[in-house]
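Here are the chains, one letter per residue:
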Amino acid sequence: MDHQSHSAEQARFEAIIAAEEKIEPRDWMPEKYRRNLVRQISQHAHSEVVGQLPEGNWITRAPTLRRKATLLAKVQDEAGHGLYLYSAAETLGVSREQMVDDLLDGRAKYASIFNYPTLSWADVGAIGWLVDGAAIVNQISLCRTSYGPYARAMVRICKEESFHQRQGYEIMRTLAAGSAAQKAMAQDALNRWWWPTLMMFGPHDAESAHSQQSMQWKIKRQSNDELRQKFVDQTVEQARHIGLEIPDPALRWNEERGHYDFGEIDWDEFQRVLNGNGPCNRQRIGDRRAAHEQGAWVREAMLAHAEKQRRRAAGRAA
Ligand code: 3HC
């Protein structure tokens, strides 16, 4: 593309972004914009699929049929979220095979939060309430992202996430109102999941490698710290409402800021988990690899069937 037409395309791209309209797959886009989206959307998809593993651990051990059916529905939703997001990423020219290979070969990430163990039934409540609650704060913001397929996937995902967060909070409220042992189980789960949940929003803005460019391109509409603060402000009240204690001695309302001040995240732990040394990293990626290998025959059968259908249609057309 010669320089003049490139700058015309760049100007058109920037005008769409400035006008709060959506960049669509057929639109010209800077290669770095495309690569940034492939990175973020594919890792978002990986997180949804790997995120089924911690909760799946409790499907066969749910305390009642109602809890089992609700958890099953939630875990199935997460699989669907992963498929929407892989499809959104594919509109950018990357194949699903490539994305899954990148994950299994360690070139792509998934959310650090899913590298923690689910030790009790209360963890299922804490994940729904806190992890899906944090995901909603992030994903509501992403409904306004500049890439059309991603924004539209978010709208649908957020509707289902709300059910995920409510069912988790209801589990925690039930336990907190139960016996002393049940309340202790809920508090223990909150103690273990609170800080890893705050890490979901990423490093501080000053340390974020992608935020500045992502905000400029309106991929990211609010910063990591802004979304983290929004999550803390809303969740502290929810914990208080059910009589649980946020495990942060530095937490206090700051009237002047109109927000909660809170303690510092253990960024060494964050980096340890990102580097593959969290409590469950090996187990999670091992399970994800085994599922991919055991599902190979399904993919092969579907592709063979599609090829047969294509040949039959071509034969008819000839
Ligand atoms: N876990 C793993 N990696 C993380 C992370 C986390 N919690 N936070 C940041 N990172 C990574 C980033 O991916 C980036 O690494 P990369 O260059 O290899 O991709 C690096 O740390 C620097 O972080 P940045 O803040 O510069 O990166 P981003 O601008 O991409 O911001 C983000 C990070 C806020 C997670 C952003 O990518 C995002 O909003 N992603 C979409 C939402 C998402 O992926 N959520 C994951 C959970 S999904 C979920 O919870 C499903 C629910 O149903 C349970």
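Everything numeric in this text was worked out from a predicted model, so none of it was measured.

Rules used in this analysis
Residues numbered from 1 in each chain as written. Predicted model: local features only at pLDDT ≥ 70, side-chain atom pairs only at ≥ 80, totals over all residues. Heavy atoms only, no water. Axes fitted to C-alpha atoms, helices over the stretch in contact; angles between N-to-C directions. Helix = DSSP H or I, 4+ residues; strand = E, 2+ residues; numbered from the N terminus. Parallel < 35°, antiparallel > 145°, perpendicular 65-115°, else oblique. Left-handed = near helix turned anticlockwise from the far one by under 90°. Nonpolar A, V, L, I, M, F, W, Y, C, P; charged D, E, K, R; others polar. Salt bridge = Lys/Arg side-chain N within 4 Å of Asp/Glu carboxyl O. Buried < 20%, exposed > 50% of the residue type's maximum accessible area, 1.4 Å probe, protein only. Arc of directions from axis to C-beta. Contact = heavy atoms within 4.5 Å. Polar contact = N/O pair within 3.5 Å; in protein donor to acceptor, adjacent residues only side chain to side chain. Core = buried A, V, L, I, M, F, W, Y, C linked by side-chain atoms within 4.5 Å. Disulfide = S-S within 2.5 Å. Phe/Tyr/Trp six-rings, centres within 6.5 Å; stacked < 30°, edge-to-face > 60°. Near = heavy atom within 4 Å. Areas by Shrake-Rupley, 256 points an atom, 1.4 Å probe, with all protein chains shown as cover.

Turning next to the packing of helix α6 (residues 121–142) against helix α7 (residues 148–176). Packing of α6 against α7 leaves a shortest axis separation of 7 Å and a crossing angle of 150 degrees. As summarised for this structure, α6 and α7 are arranged roughly antiparallel, according to the angle between their axes. Between α6 and α7 lies a crossing of left-handed hand. The class makeup of the residues in the contact of α6 with α7 is 18 nonpolar, nine polar and two charged.

As a further point, take the pattern of salt bridges. Under the counting rule described, the total for this entry stands at 20 salt bridges. The salt bridge involving Asp27 is made with Arg12; its shortest N-O contact spans 3.8 Å. Taken together, the residues Asp27 in the loop between α1 (3–18) and α2 (31–50) and Arg12 in helix α1 connect sequence positions 15 residues apart. Taking the relative accessible area as the measure of exposure, Asp27 reaches 13% and is therefore buried. Under the relative-accessibility criterion, Arg12 is labelled partly exposed at 44%. Beyond isolated ion pairs, a larger network of salt bridges with shared partners links Glu55, Lys74, Glu78 and Asp132.

What follows deals with helix α11 (residues 267–274). Those residues of α11 that sit buried are Trp267, Phe270 and Val273. The buried residues of α11 occupy an angular sector of 120 degrees when the element is viewed end-on, so they sit on one face. Buried residues along α11 sit in contact with α10 (224–241) and α12 (281–294). Its side-chain oxygen placed 3.1 Å from the backbone nitrogen of Asp268, Asp266 serves as the N-cap of α11. Directly after α11, the chain includes Gly276, whose backbone phi takes a positive value near 95 degrees.

Here we take up the nonpolar core. Counting 50 residues, the largest nonpolar core has Met172, Trp193 and Trp194 as its most contacted members. Secondary structure elements with two or more residues in this core: α4 (65–90), α6, α7, α8 (180–198), α10 and α11. Looking at this core, the element that brings in the most residues is α6, giving ten residues. Trp193 has contacts with Ile113, Tyr116, Pro117, Thr118, Asp123, Ala126, Ile127, Leu130 and Val131, leaving out every residue within four places of it along the chain.

A word on the state of the cysteines. Here the structure, examined in full by the defined rule, presents zero disulfides. Not engaged in a disulfide, the cysteine Cys143 finds its nearest cysteine sulfur in Cys158; these two sulfurs lie 3.9 Å apart. Given the relative accessible area of 5%, Cys158 is considered buried.

Looking now at the packing of aromatic side chains. Inspection of the entire model under this criterion finds ten aromatic pairs. Considering the side-chain rings of Trp129 and Tyr169, the 5.6 Å spacing of their centres and the 45 degrees angle between planes classify their relative orientation as tilted. Linking Trp129 in helix α6 with Tyr169 in helix α7, this pair joins segments that are 40 residues apart in sequence. Residues Trp129 and Tyr169 agree in their burial class; the two are buried.

Further remarks concern the site of the ligand. Neighbouring the ligand are 30 residues; Glu78, Lys109, Glu161, His210 and Lys220 lie closest to it. In this structure, an oxygen atom belonging to the ligand sits 3.2 Å away from a side-chain N or O atom of Glu48. Contact between the ligand and Asn224: an oxygen atom at 2.9 Å from a side-chain N or O atom of the residue. Here the ligand loses 89% of its free accessible area of 1,000 Å² to cover by the protein chains. At the level of secondary structure, the elements contributing two or more residues to the shell around the ligand comprise α2, α6, α7 and α11. Ranked by the residues each element gives to the shell around the ligand, the list is headed by α2, at six residues. Across the shell around the ligand, the residue classes break down as 13 nonpolar, ten polar and seven charged.

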